[in-house]
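# Results of the structural survey
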Amino acid sequence: MDLVSGYKGVVGLVFGNESSASSEDSSYVERLLDRISNGVLAEDRRTAIAELQSVVAESHSAQLAFGAMGFPVLMGVLKEERDDVEMVRGALETLISALTPIDHTRGPKNEVQATLMNSDLLSREAEDISLLLSLLAEEDFYVRYYTLQLLTALLTYSPNRLQEAILTTPRGITRLMDMLMDREVIRNEALLLLTHLTREAEEIQKIVVFEGAFEKIFSIIKEEGGSEGGVVVQDCLELLNNLIRNNGSNQILLRETIGFEPLISILRLRGSVYNFTQQKAVNLLSALESIELLLMGGREAGPGKDVDRLTNQTVLCQKKVLDYLLMLGVESQWAAVAVRCAALRCIGDLVARNPQNLDTLASKLLGDEPDVEPALNSILRILLRTSSLQEFIAADYIFKCFCETNADGQAMLASTMIPQPQSMTHAPEDVKMSFGSMLLRGLTLTETDGDLETCCRAASVLTYILKDNIQCKEWVIQIEIEAPMSSLGAPEPLLHLIVKYLVLAASLKKKENDHKNKKSTSVGDSYIQPIILQLLVTWLADCPRAVHSFLDSRPHLTILLELVSSPSATVCVRGLAAVLLGECVIYNKFGDSAKDSFMVVDAISQKIGLTSYLLKFDEMQKSFLFASAKAARLCKSLTRSNAASMVEIKEVDDIDGTSQKQDEHPILTSLFDAQFVNFVKRLEKHIRDSIVEIYSRPKNSVVVVPAELEQKSGESDGDYIKRLKSFVEKQCIEMQDLLGRNATLAQELMEAGGGDASGSDQRASSGGLERVQTETLRRDLQEGMQRVEVLKTEKAKIEADASMYCNLASKLEADLKSLSDAYNSLEQENFRLESEVNALRKGEPYPDVEALKAEAREEAQKESEAELSDLLVCLGQEQSKVEKLTIKLKELGEDVDSLLDGVGDDIGLPDDEEEDD
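Bear in mind that the values here come from a model prediction, so they are computed numbers and not experimental data. (Residues numbered from 1 in each chain as written. Predicted model: local features only at pLDDT ≥ 70, side-chain atom pairs only at ≥ 80, totals over all residues. Heavy atoms only, no water.)

### Comments concerning the overall build of the protein chain
Counting its regular elements, the protein chain contains 46 helices and four strands. Every one of the 917 residues in the protein chain was classed for burial, and the buried ones make up 45%. Counting contacts in the protein chain only where the partners sit at least 6 residues apart, residues at least 24 apart contribute 72% of the total. Summed over its atoms, the accessible surface of the protein chain is roughly 48,600 Å², and 53% of this surface lies on carbon and sulfur atoms. (Helix = DSSP H or I, 4+ residues; strand = E, 2+ residues; numbered from the N terminus. Buried < 20%, exposed > 50% of the residue type's maximum accessible area, 1.4 Å probe, protein only. Contact = heavy atoms within 4.5 Å. Areas by Shrake-Rupley, 256 points an atom, 1.4 Å probe, with all protein chains shown as cover.)

Written as structure tokens, this is what we have:
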């Protein structure tokens, strides 16, 4: 192995710095390895392996020396000495000892960790892992047992390499699965090994399921006694959870092969239900975790996730799992708190967004005749009374899941909220009460107990009932409660009573020095005020009637303004109070000027300042609650290492509020989920836009009529009209100036976002005049630029018209020139004609026409005679040529007459024919 030489150098360096005892251990290990490799007698070799195992198990330096030299030797023994069972056992034990940490005095920080080095050396060669897996087929019990222990130890330090090696080894997983059917000790070791292997490796999970893991797991659980069994049941359930966690295909396979009945049967309490040992609680927690994983479905981005989740919900509910969950979470109050909380969470997951299961829970009854009551009533009683914050959170989760996208369920719960007489309110606990009456009882306080925490828990449930349901909001607005405290006076709306509890929680916070109120102060500091504010924010959202009812009491607006600006309030409280003020603006649909949105914005501007007010939103968004809101509740896996700590939850959760930030209370981190955080973020944008709009438009009505509008005595109508016109023009100019400044200021405030509120207020107050002047100049500049743009447009239009007229003038000029030329020619012709006419008028004789004709005839005759003479000369020449030719032909002996016979007949033929005709 290449790595061995490197490790030898490290080991040599360590040995060089150590005592002589370490060097002796190294030499001793080397001699033993030599005896094992080169020994002749088998007995001597066995003795050497036994001695080597002993020294490696006891000495850290021997482990280092063995890692540098011993692996090839012992792996050779496992490969070549398979028939010698004792030697194979000794080799396996020695390898286990080499991977087992030894407690010894801590050396230097850079000291080589022998177990890490040895596991790295052993896991580097896939052939070595394959060799170990082949040993699982041996008949010897201890060989198989030691091999499983060695693989488990190797998995602790080199999990990825071991997983890869097992996957590349033929039938590697199959051999491990076969060990589940072996003897009990081997089965338990194989179970632990498979549990570790399947935590992350999806490929191994698939193979394990294909090899029949579900059947074998539930077979072992049945043999061990179900929830009454020991730690083996816990290991089986942990392996099951590894296989189905975020794995939709394995969940479908489990559902369609052996079904969910074997898992549900684990939740069935047997024997003495009061006997809840720690191991039984762990087993039940593991089974509940399996139910929870099935109800969560596959991965978030996996296809068909919702379909798988709904199918698992339906099948589990059909198998009566709700009865077992109610037994564990509601009826078995002697069970561990962790078990009760897990069962309650499973009930919430079972009914979430499932109409059929929601109806089943709504109709479920608990108890025996005649003490039967609806299951929701029992869960509400637990929520209001429990001393465990974890149990309150779990019960609260049920109502959250029940009311989500369940308008009918919300209406059903809200319809039972009928105020009871004070005599019924103070009746003993055993008197039967409806759900709504019990909730209203939790929402009302007595003068003696001051139980704000109970009111806070009831307010959380009421929040879910009112969420996104206008009908329920308007119904609950009409509820009036007889004030239980003498100081509160006559009956008043429930909404007003809730606001007074908010004030009471704030007042308790200020009494930190009062020992009697220390507990209440701590509670008020942590989560009571945010939860009551969450209720009010949900109630007023998209409900103008609730806003109107809230503003009916003038102190309510003052309370919110003080809460927003209170330095002692938490960031979350100030932010939610700011959101509530914003809702009074955006959902204010009433025209009463004393309660309209303008009045609210003016109050915010005067009492807080818009910059400081808007900064509250940014501070809240940066707080822990809003920055770390989770979209879904994470399921923490239950393992051997954390099982005991998860079960041992105290009956009373005493959370030290001083040790952590006030906004990081576990109740707040549970109740302020991603849905509420996103809802508040949307509201914030709407609030900012509404404030800008209000600052950008005038009010619809005039509150005060100025005295200038009245007609003075003795003033004429014309003067009165002129004065009114001047006054209106002046008011319009001032109004436009104010609207422009306000719109710009609101826009700047909206874009400001962060920064120091106090510094912003100082800058706003000191530079107010400068901003007004700057805005005036800016507005004048804009008007000047608009005028310039208008002038540019007019100039372009004039230039276009000028160009058109120039072209038209050029065309007309050309036409005029042509007309002038024609006129000149006509003038010349007219002048000539006039000259001729004038000459005729003076008596000049006309020319002799006959003489002219005669003269022309004589000239023509002379010309014809000359042409005739020319023709005669030519004819004479031709005649002479004919005569010469005739003579020549005769000399040649030709008959000239016969040749000339017929010449000229063609010329005279037409004339002859005409004559004949």
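Additional details are given in the paragraphs that follow.
### Quick word on the packing of helix H3 (residues 42–58) against helix H6 (residues 85–98)
A packed helix pair is summarised by two numbers, namely the angle formed by the two axes and the spacing between the axes. It is at 9 Å that the axes of H3 and H6 come closest, and there the two elements cross at 15 degrees. Here H3 lies roughly parallel to H6, going by the angle between them. Here the hand of the crossing between H3 and H6 comes out left-handed. Where H3 abuts H6, its residues Arg45, Arg46, Ile49, Leu52, Gln53, Val56 and Ala57 lie against Glu86, Met87, Gly90, Ala91, Glu93, Thr94, Ser97 and Ala98. Looking at the contact of H3 with H6 residue by residue, the class counts come to seven nonpolar, four polar and four charged. (Axes fitted to C-alpha atoms, helices over the stretch in contact; angles between N-to-C directions. Parallel < 35°, antiparallel > 145°, perpendicular 65-115°, else oblique. Left-handed = near helix turned anticlockwise from the far one by under 90°. Nonpolar A, V, L, I, M, F, W, Y, C, P; charged D, E, K, R; others polar.)

### Comments concerning a negative patch on the surface
On the surface, a cluster of negative charge is contributed by Glu855, Glu858, Glu859, Glu863, Glu867 and Asp870. Inspection of the secondary structure assignment puts Glu863 in helix H44 (residues 849–892). (Patch = residues over 30% accessible without salt bridge, like charges linked within 9 Å, V, L, I, M, F, W, Y side chains within 5 Å. Salt bridge = Lys/Arg side-chain N within 4 Å of Asp/Glu carboxyl O. Lys, Arg positive; Asp, Glu negative; His and termini not counted. Charge placed at Lys NZ, Arg CZ, Asp CG, Glu CD.)

### Quick notes on the side chain of Asn312
Mapped onto the elements, Asn312 comes out in helix H19 (residues 305–318). Separated by 3.1 Å, the side chains of Asn312 and Gln251 make a polar contact. If sequence neighbours within four positions are ignored, Asn312 has contacts with Gln251, Arg255, Phe260 and Leu294. (Polar contact = N/O pair within 3.5 Å; in protein donor to acceptor, adjacent residues only side chain to side chain.)

### Considerations on the pattern of salt bridges
Summed over the entire model, instances satisfying the criterion amount to 32 salt bridges. For Lys280, the salt bridge goes to Glu228, with nearest N and O atoms at 2.9 Å. Within this pair, whereas Lys280 is found in helix H18 (residues 278–296), its partner Glu228 is found in the loop between helix H14 (213–224) and helix H15 (231–244), the two being separated by 52 residues in sequence. Exposure remark for Lys280: the relative accessible area of 1% places this residue in the buried category. Three or more residues are tied together by salt bridges with common partners; here these are Glu43, Arg46, Asp84 and Glu86.

### So, the packing of helix H9 (residues 141–157) against helix H12 (residues 184–197)
Contact pair H9 / H12: the axes reach a minimum separation of 10 Å and the direction vectors enclose 25 degrees. Judged by the angle between their axes, H9 and H12 are roughly parallel. In terms of crossing hand, the pair formed by H9 and H12 is left-handed. Of the residues in H12, those touching H9 at Phe141, Arg144, Tyr145, Leu148, Gln149, Leu151, Thr152 and Leu155 are Val185, Ile186, Glu189, Ala190, Leu193, His196 and Leu197.

### Re the environment of Ser332
Checked against the element boundaries, Ser332 lands in the loop between helix H20 (321–331) and helix H21 (337–351). Not counting residues up to four positions away in its chain, the partners in contact with Ser332 are Leu269, Met327 and Arg340.

### Section: helix H38 (residues 640–647)
Within the span of H38, buried status applies to Asn642, Ala643 and Val647. When H38 is viewed along its axis, its buried side chains cluster within an angular range of 135 degrees and face the same direction. Looking at the buried side of H38, the elements it contacts are H15, H18 and H21. (Arc of directions from axis to C-beta.)

### What to know about the side chain of Asn250
Its location among the elements puts Asn250 in helix H16 (residues 248–256). Looking at Asn250, the relative accessible area reads 5%, which means it is buried. Every residue in contact with Asn250, bar those within four places of it in the chain, is listed here: Gln205, Val209, Phe214 and Leu243.

### Things to note about the nonpolar core
Grouped together as the largest cluster of nonpolar side chains are 236 residues, with contacts concentrated most on Leu494 and Trp539. When sequence neighbours within four positions are dropped, the list of residues in contact with Leu494 reads Met417, Leu440, Leu443, Leu462, Val476, Ile479, Glu480, Ile481 and Trp539. (Core = buried A, V, L, I, M, F, W, Y, C linked by side-chain atoms within 4.5 Å.)

### Quick notes on the packing of aromatic side chains
Across all of its chains, the model carries nine aromatic pairs by this definition. Look at Phe672 and Phe676: their rings are 5.1 Å apart centre to centre, the planes differ by 70 degrees, and that puts the pair in the edge-to-face class. Take Phe672: its relative accessible area is 2%, and that puts it in the buried class. For Phe676, a relative accessible area of 7% translates into the label buried. Every member of this aromatic cluster is reached through a ring pair, and the members are Phe141, Tyr142, Tyr145 and Tyr146. We note Lys280 situated over the ring of Phe276; from NZ or CZ to the ring centre the distance is 4.7 Å. Positioned over the ring face of Phe392 is Arg457, at 5.0 Å from the centre of the ring. (Phe/Tyr/Trp six-rings, centres within 6.5 Å; stacked < 30°, edge-to-face > 60°. Lys NZ or Arg CZ within 6 Å of the ring centre and 35° of its normal.)

### Points about helix H10 (residues 159–168)
Considered for burial, the residues of H10 that qualify are Leu162, Gln163, Ala165 and Ile166. On an axial view of H10, the arc spanned by its buried residues comes to 165 degrees, and they lie on one face. For H10, the exposed residues set more than 90 degrees away from the buried face come down to Asn160, Glu164 and Thr168. In this fold, the buried residues of H10 make contact with helix H8 (126–134), H9, helix H11 (172–178), H12 and helix H13 (202–210).

### A look at a nonpolar patch on the surface
A surface patch of nonpolar side chains, about 430 Å² in accessible area, is lined by Met804, Tyr805, Leu808 and Leu812. Structurally, Tyr805 can be placed in helix H43 (residues 768–841).

### Some words on unusual backbone geometry
Although it is not a glycine, Arg171 sits at a positive phi angle of roughly 60 degrees. Locating Arg171 in the fold gives a position in the loop between H10 and H11. Taking relative accessible area as the criterion, Arg171 reaches 51% and is therefore assigned exposed. Unusually for a residue other than glycine, Arg353 sits at a positive phi of about 55 degrees. With respect to the helices and strands, the residue Arg353 is situated in the loop between H21 and helix H22 (355–363).

### Thoughts on the environment of Val601
By secondary structure assignment, the location of Val601 is in helix H35 (residues 597–607). Classification of Val601 as buried rests on a relative accessible area of 2%. Sequence separation between Val601 and Ile694 is 93 residues; the distance between their C-alpha atoms is 8.2 Å. Apart from the residues within four sequence positions on either side, Val601 is in contact with Val585, Ile694 and Tyr695.

### Comments concerning the confidence of the model for the protein chain
Per-residue pLDDT for the protein chain averages 80, and the proportion of residues at 70 or more is 78%. Least confident of the elements in the protein chain is helix H42 (residues 757–766), whose mean pLDDT is 43; most confident is H22, at 96. Contacts of residues 650–660 to residues separated by more than four positions or lying in other chains number 16 contacts, the stretch itself having pLDDT below 50. Here residues 907–917 is modelled with pLDDT under 50, and outside its nearest four sequence neighbours on either side it reaches zero contacts, counting other chains as well. (pLDDT = per-residue confidence, 0-100.)

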